[in-house]
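Reading the structure
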Amino acid sequence: MDLKNTFFHQVSQRFQTHFQAQPELIVRGPGRINLIGEHTDYNGGFVLPASIDKEIIFAISKKEGTTCEVYAENVGDSTTFSLDQLEKSRKGWPNYLMGVVDQLQKRGCKLGGFRLVFGGDIPTGAGLSSSAAIECGLAFCLNELYALGLSKIEMVKLSQAAENQFVGVQCGIMDQFASMMGKANSVIQLDCRSLEYQYFPLELNDYLVVLCDTAVKHSLGNSEYNTRRQECEAGVDILQRKYPEVQLLRDATPAMVETCRDEMPAKVYDRCRYMTEEIERVQLACQLLLANDLEGFGQKMYETHDGLQHLYEVSCPELDFLVDQTRSDDNVLGSRMMGGGFGGCTINIVRKDAVDAFEQKLAQAYHEAFGIDLKCYRVTITDGTEAITA
Ligand code: GLA
């Protein structure tokens, strides 16, 4: 791959100046986009993500003993922890690393210490899964360095468990799966219940994927995320009384939810309605994409946004504003909020020859409305977590 624009050189040079040595291994861990299927992962539904050319680079070497020394290039900060005494750090960022070490040790993997420098260009809090990139990247590094013999799927699962247990966000499996398993120019159609997946090439022809970054992250994000999970579980409990076969919302349909409406608190009904509709929508959207019906696919993206805004209630005024700006623009096929919500990016499918004008128009409108500079990222789909050499 072309390393010109990556943090490869910056991170490997930092390793040399910081530790006075050459790294044994360099790994790249990408961020992800998701075309459609939002909040469906923890309900056993389908998602359609891909790993992208925004990434974190890891330069790492083994170290005698049990001490791990880490330098985080983006924050210009360092930390040291011991393999046999992992305690949650108030700084935040070390927890993604310690969580992975913790999970590896819980699985009986024999680790030694390490020296690590990591950094990259995935904006944090933008919904592009910088945390999954860190977790999967470190798992990959340690698997190589200490010849642990883990499969990629095992590393995906333990990275998710690190986030659930050590960081304390009850995320589903999509982000880690996409970061680790991505494939250049392809999207992954993943069944989050069985973990069966298939790649298919994303052929957008005259169109591009453009992300628009609100640059906001409303603080209720993580707690509301966990609340949505609980609301979905409450919905399953109610549905089960009538339909014992329902183990996850994946097993229910919008029609089944309707028949239980009177038994459900209003919010639980809204969440279940969005979720069962979205799970069906992803299937339809995949068929449209395979049939090269990009316009039809774009419509589904708008439907997803509307559901996330009004029924699932994980959007925010900044995201809604950016999506609304595109609704009457013939050069945009689809637009919606992406990821967990409460800030972060919208994902847009925009005509190539209109991208400059699109970005300018949105940046101006966004600045007038919120006084914030809009950042836009034109996305290329790359391979997932991998070792790289100069
Ligand atoms: C976050 C979580 C994922 C997924 C998305 C919403 O990115 O980490 O597991 O639930 O939100 O689709």
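The rules we used
- Residues numbered from 1 in each chain as written.
- Predicted model: local features only at pLDDT ≥ 70, side-chain atom pairs only at ≥ 80, totals over all residues.
- Heavy atoms only, no water.
- Helix = DSSP H or I, 4+ residues; strand = E, 2+ residues; numbered from the N terminus.
- Buried < 20%, exposed > 50% of the residue type's maximum accessible area, 1.4 Å probe, protein only.
- Polar contact = N/O pair within 3.5 Å; in protein donor to acceptor, adjacent residues only side chain to side chain.
- Contact = heavy atoms within 4.5 Å.
- Salt bridge = Lys/Arg side-chain N within 4 Å of Asp/Glu carboxyl O.
- Pairing = 2+ DSSP bridges.
- Near = heavy atom within 4 Å.
- Nonpolar A, V, L, I, M, F, W, Y, C, P; charged D, E, K, R; others polar.
- Domains from an automatic or database assignment.
- Axes fitted to C-alpha atoms, helices over the stretch in contact; angles between N-to-C directions.
- Phe/Tyr/Trp six-rings, centres within 6.5 Å; stacked < 30°, edge-to-face > 60°.
- Lys NZ or Arg CZ within 6 Å of the ring centre and 35° of its normal.
- Buried area = accessible area lost by both parts, 1.4 Å probe.

**With respect to the environment of leucine 290**
If you trace the backbone, leucine 290 turns up in helix α8 (residues 266–290). With relative accessibility at 57%, the residue leucine 290 sits in the exposed group.

**Observations regarding the side chain of asparagine 143**
Mapped onto the fold, asparagine 143 is located in helix α3 (residues 130–145). At a separation of 3.2 Å, a polar atom in the side chain of asparagine 143 contacts the main-chain amide nitrogen of glycine 149. If we ignore the near neighbours within four places in the chain, the residues touching asparagine 143 are Leu148, Gly149, Leu150 and Met155.

**Observations concerning the pattern of salt bridges**
Applying the stated criterion across every chain, the model contains 29 salt bridges. Of the charged contacts in the structure, one is a salt bridge between lysine 91 and aspartate 77, with a shortest N-O distance of 3.3 Å. Residue lysine 91 is found in the loop between β5 (77–82) and α2 (93–106), and its partner aspartate 77 is found in strand β5; the two are separated by 14 residues along the sequence. When its relative accessible area of 24% is taken as the criterion, aspartate 77 is described as partly exposed. A salt bridge links arginine 250 to aspartate 191; the shortest N-O distance between them is 2.9 Å.

**What to know about the pairing of strand β4 (residues 67–72)**
Where β4 lies against β5, six bridges are found, and the strand directions are antiparallel. Bridge pairing in β5 links tyrosine 71 to serine 78. Here β4 folds back onto β5 in antiparallel fashion, the turn holding four residues, of which glycine 76 has a positive phi close to 60°. In this sheet, strand β6 (residues 113–120) lies alongside β4 in parallel orientation, the contact comprising five bridges. Across the sheet, residue tyrosine 71 finds its bridge partner in β6, namely valine 117.

**Notes on the site of the ligand**
Every residue lining the ligand is accounted for by Arg32, Glu38, His39, Asp41, Tyr42, Cys171, Gly172, Met174, Asp175, Tyr225, Gly339 and Gly340. At 2.6 Å from an oxygen atom of the ligand is found a side-chain nitrogen or oxygen belonging to tyrosine 225. A per-class count over the shell around the ligand returns four nonpolar, four polar and four charged. Shared between two domains, the shell around the ligand takes at least three residues from each, and those domains are domain 1 (6–201 + 383–387) and domain 2 (207–379).

**Quick look at the sheet that holds strand β9 (residues 207–217)**
Read from one edge of the open sheet, four strands run β10-β11-β9-β12, paired in antiparallel fashion. In this open sheet, the two strands that pair with only one neighbour each are β10 (332–337) and β12 (375–378). When the angles between neighbouring strand axes are averaged without regard to direction, this sheet yields 20°. Bridging between β10 and strand β11 (residues 343–351) involves five bridges; their strand directions are antiparallel. Bridging across to β11, arginine 336 finds its partner in isoleucine 347. Sitting on the sheet, helix α9 (residues 294–310) touches β9, β10 and β11, and the angle it makes with β10 is about 25°. Strands in contact with helix α10 (residues 317–326) are β9, β10 and β11; relative to β11, the strand with the most contacts, it is inclined by about 10°.

**Observations concerning the sheet that holds strand β1 (residues 25–34)**
Consider a sheet: its strands pair through backbone hydrogen bonds, and that pairing is either parallel or antiparallel. Read from one edge to the other, the open sheet built from six strands follows the order β5-β4-β6-β3-β1-β13, with strand pairing classed as mixed. Both edges of this open sheet fall to β5 and β13 (386–387), since each of them pairs with a single strand only. The strands touched by α2 are β4, β5 and β6; relative to β5, the strand with the most contacts, the crossing angle is about 30°. Against the sheet, helix α5 (residues 174–181) contacts β1 and β3 (49–63), and its axis sits at roughly 130° relative to β1.

**Notes on the packing of aromatic side chains**
Scanning all chains against the criterion turns up eleven aromatic pairs. Ring centres of tyrosine 274 and tyrosine 312 lie 5.0 Å apart, and the angle between their planes is 40°; this geometry places the pair in the tilted category. Highlighted residues: tyrosine 274 in helix α8 and tyrosine 312 in the loop between α9 and α10, separated in sequence by 38 residues. Judged by relative accessible area, which is 0%, tyrosine 274 ranks as buried. A cation over an aromatic ring shows up here: arginine 228 above the ring of tyrosine 312, its NZ or CZ 6.0 Å from the ring centre.

**Let's talk about the domain arrangement of the protein**
Segmentation of the protein into domains returns domain 1 (6–201 + 383–387) and domain 2 (207–379). Put simply, the middle of domain 1 and the middle of domain 2, counted by C-alpha atoms, are 26 Å apart. Taken together, the contacts link 33 residues of domain 1 with 44 residues of domain 2. Between domain 1 and domain 2, roughly 3,200 Å² of surface is buried when both sides are summed, and carbon and sulfur atoms account for 65% of that area. Close ionic contact of aspartate 251 with arginine 193 constitutes a salt bridge, the shortest N to O distance being 2.4 Å. The tally of links between domain 1 and domain 2 comes to 18 residue pairs in polar contact (both at pLDDT 80 or more). Elements with a minimum of two residues in the side of domain 1 that touches domain 2: β1, β3 and β7 (186–191).

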